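# Fold and geometry: a report
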Amino acid sequence: MWKRNNLWAGRALMLLITALVLALSVAGTGALRAQGGDERARPLPLDASPSQTLEDILARQRGEKVSNDIRRQFLGTDLTPEAAREQLGILGGASDPDLWRRIRFNEIDPTVSARGPVEGVLIQDAGMRWLEERTTVARNGAIGLGGVILLLALFFLLRGRVRLETGFSGVEIPRFTEMERISHWLLASSFILLGLTGLWSLYGRLALIELIGRDSYATVTALTKQVHNNVAWAFILGLVMVFVQWVAWNLPSREDITWLLKGGGLFSKGVHVPARKFNAGQKIVFWLVTLLGTSVALTGLSLLFPYQLPIFDRIYAFINAAGGLVGADPGLPEGLLPVEDMQLAQLWHSIIAMVMIGVIFAHIYIGTIGMEGAFSAMGRGKVDRNWAREHHSIWAEEQEKAMGAAEDTPPAQPVE
Ligand code: HEM
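The paragraphs below set out a description of the structure included in this document. In this text, all values refer to a predicted model and were calculated from it rather than measured experimentally. (Residues numbered from 1 in each chain as written. Predicted model: local features only at pLDDT ≥ 70, side-chain atom pairs only at ≥ 80, totals over all residues. Heavy atoms only, no water.)

Along the backbone of the protein there are 14 helices and two strands. Looking at the protein as a whole, 39% of its 416 residues qualify as buried. Pairs at least 24 apart in sequence give 77% of the contacts found in the protein among residues at least 6 apart. Approximately 23,400 Å² of the protein is accessible, and the part contributed by carbon and sulfur atoms is 67%. (Helix = DSSP H or I, 4+ residues; strand = E, 2+ residues; numbered from the N terminus. Buried < 20%, exposed > 50% of the residue type's maximum accessible area, 1.4 Å probe, protein only. Contact = heavy atoms within 4.5 Å. Areas by Shrake-Rupley, 256 points an atom, 1.4 Å probe, with all protein chains shown as cover.)

Put into structure tokens, the structure is as follows:
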């Protein structure tokens, strides 16, 4: 009875962790989808005026949305580019609100001296939305990661460390080669550096600048930016090396279903579920690291080479076209401004990074304090024979046969 309740409690916890990770990504993605919104004009009330009212300014300061319906219709009379060129000459103290409203609502194409993919974008409406969404990602990210840590702490308190129930046999089985471990630690160390410097760039200004003062903040930020931009290459290399060496071991197999249904035996004592070199839980980590890692690397490259890799414009066009083939209309915005593409890349990059950090928190937990005997697999490349039999019994049997040691000890008995 006790084992049964424990198993259900375990399943509930697993569902909760999954739900939390999912919530994280939905919260962020919801913010992204909003960026394509549009605010076209309605008929003007008689007393309409383009000027900002005190109420507008206060509402913006409260973070509320203020409609631009009226203001975008007060664009002045002479809309010719020549008028703009003339106007952009030396104006001294004079300022032409109609001209700036035309610029603000992309109603004219001013000639500017700036050169490059963002020339002519003097005011960018989506910029404000991007800032709001970045704050949403930061807030939801902190809640999500805090939640993951809390759940792991709860799991540790309730379940305790996954002990080696048959004890250490003292006989070791090789588990990872030198090259596998080098690849893993290249990936792991670069990810941890990228995670820390990335979190700094997201939370530094939002939460820490007042704490450490502007000068130190500027120094640390300059340093973390260099680390982040350069360590990215080590991460990409580590990801490729890990993928190439482990993809064959991470293809789905029959045992995975039983493993998942039994929660891998992680939630109840005395339950050991047969598994190959990587069990279903590790295969999920592998594919999450591969897919999320690739996504965070691609958006990272798009940020590293500003305006040269417009990823989202191409993805949106592809999704719209693919949708069109099956009669659906995804309605994603196309013809994104280069700066808008960068903003989407930045938001997606931080959302995916947050999800990955949450997953890796759980991975580090199980790879260190969470499971007795696990760390030596990646620390020294060897594991105790009983550890292998309890957690990877099918792989252990193959290894022991290969090592010609199977005869002298009976194989571990999986629980029916
Ligand atoms: C201090 C940090 C870390 C520790 C202590 C750690 C520990 C481990 C251990 C012990 C294993 C082998 C498990 C086994 O024998 O089956 C492993 C495997 C693995 N690690 Fe890590 N790891 C860390 C960070 C990372 C990071 C940051 C990533 C990716 C960004 C990562 C990706 C993987 C993958 C894909 C595997 C194979 C699948 C799995 O076992 O989940 N690791 N790690």
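Past the structure itself, the notes keep going.
Quick look at the packing of aromatic side chains now. Within a pair of aromatic rings, the relevant descriptors are the distance that separates the centres and the angle that separates the planes. Counting across every chain of the model gives 13 aromatic pairs. Measuring from centroid to centroid gives 6.0 Å for Phe 243 and Trp 287, while their planes differ by 75 degrees, and the two rings are edge-to-face. Here the residue Phe 243 occupies a position in helix 7 (residues 214-246), and Trp 287 occupies one in helix 9 (residues 280-304), the gap between them amounting to 44 residues. On the accessibility criterion, Phe 243 (30% relative accessible area) is partly exposed. Residue classification places Trp 287 among the partly exposed residues on the basis of a relative accessible area of 28%. With a centroid separation of 5.4 Å and an interplanar angle of 70 degrees, the aromatic rings of Trp 246 and Phe 278 are classed as edge-to-face. Placement of Trp 246 in helix 7 and of Phe 278 in the loop between helix 8 (255-261) and helix 9 is noted, with a sequence separation of 32 residues between them. (Phe/Tyr/Trp six-rings, centres within 6.5 Å; stacked < 30°, edge-to-face > 60°.)

In this structure, Phe 235, Trp 246, Met 356, Val 383, Trp 387 and Ala 388 are the most contacted members of the largest nonpolar core, which totals 48 residues. Of all the secondary-structure elements, those providing two or more residues to this core are helix 5 (125-159), helix 6 (178-212), helix 7, helix 9, helix 11 (338-367), helix 12 (375-379), helix 13 (385-391) and helix 14 (393-402). With seven residues, helix 11 is the largest single contributor of residues to this core. When near neighbours in sequence (up to four residues on either side) are disregarded, Ala 388 contacts Ile 173, Val 383, Ser 393, Trp 395 and Ala 396. Residues Ile 311, Phe 312, Leu 332 and Leu 336 belong to the second largest nonpolar core, which totals seven residues. (Core = buried A, V, L, I, M, F, W, Y, C linked by side-chain atoms within 4.5 Å.)

On to the packing of helix 7 against helix 9, then. Remark: helix 7 packs on helix 9, axes separated minimally by 10 Å, with the N-to-C direction vectors making an angle of 150 degrees. On the basis of the axis angle, helix 7 is roughly antiparallel to helix 9. Where helix 7 crosses over helix 9, the handedness of that crossing is left-handed. Contact residues: Asn 229, Trp 233, Phe 235, Ile 236, Leu 239, Val 242, Phe 243 and Trp 246 in helix 7; Phe 286, Trp 287, Val 289, Thr 290, Gly 293, Thr 294, Val 296, Ala 297, Leu 301 and Leu 304 in helix 9. Here the residues of the contact of helix 7 with helix 9 sort into 14 nonpolar, four polar and no charged. (Axes fitted to C-alpha atoms, helices over the stretch in contact; angles between N-to-C directions. Parallel < 35°, antiparallel > 145°, perpendicular 65-115°, else oblique. Left-handed = near helix turned anticlockwise from the far one by under 90°. Nonpolar A, V, L, I, M, F, W, Y, C, P; charged D, E, K, R; others polar.)

Protein ligation of the iron atom of the ligand involves His 184 (NE2) and His 363 (NE2), the donor distances falling in the range 2.0 Å. Classification of the site at the iron atom of the ligand rests on its six donor atoms, whose angles at the metal span 86 to 179 degrees, yielding the label octahedral. One end of the pair, His 184, is in helix 6; the other, His 363, is in helix 11, with 179 residues separating them in the sequence. (Donors = N, O, S within 2.8 Å, 3.2 Å for Na, K, Ca; no water. Tetrahedral: all angles 85-135°; square planar, octahedral: opposite > 155°, others 65-115°.)

Before going further, it helps to spend a moment on empty space enclosed by the protein. Applying the stated rule across the entire model yields three cavities of 30 Å³ or more. What lines the largest cavity is a set of 18 residues, and nearest its centre among them are Gly 264, Gly 265, Val 271, His 272 and His 391. Its residues assigned to classes, the lining of the largest cavity comprises six nonpolar, seven polar and five charged. (1 Å grid on protein atoms, 1.4 Å probe; cavity = no way out; pocket = protein on both sides within 12 Å on 5 of 7 lines; lining within 4 Å. Points joined across faces, edges and corners; volume = space filled by probe spheres on them.)

Attention now moves to the site of the ligand. Of all residues adjacent to the ligand, which total 24 residues, the nearest are Arg 175, His 184, Gln 282, His 363 and Ala 377. In the model, an oxygen atom of the ligand is placed 2.3 Å from a nitrogen or oxygen of the Gln 282 side chain. For the ligand, a nitrogen atom lies 2.7 Å from a polar atom in the side chain of His 363. For the shell around the ligand, the secondary structure elements donating two or more residues are helix 6, helix 9, helix 11 and helix 12. When residues in the shell around the ligand are grouped by element, the largest group, six residues, is from helix 6. (Near = heavy atom within 4 Å. Polar contact = N/O pair within 3.5 Å; in protein donor to acceptor, adjacent residues only side chain to side chain.)

What follows is about the layout of surface pockets. Empty space among the atoms becomes apparent when a probe as large as a water molecule is rolled across them. By volume, the second largest pocket is sized at about 980 Å³. Of all the secondary structure elements, the ones that give two or more residues to the lining of the second largest pocket are helix 5, helix 6, helix 7, helix 9 and helix 11. Classifying every residue of the lining of the second largest pocket gives 20 nonpolar, 12 polar and three charged.

A grouping of Leu 54, Ile 57 and Leu 58 is seen on the molecular surface, where their side chains present a nonpolar patch of about 260 Å² in accessible area. Looking at the element boundaries, Ile 57 is found in helix 2 (residues 54-61). Of the residues examined, Ile 57 reaches a relative accessible area of 37% and is grouped as partly exposed. (Patch = residues over 30% accessible without salt bridge, like charges linked within 9 Å, V, L, I, M, F, W, Y side chains within 5 Å. Salt bridge = Lys/Arg side-chain N within 4 Å of Asp/Glu carboxyl O.)

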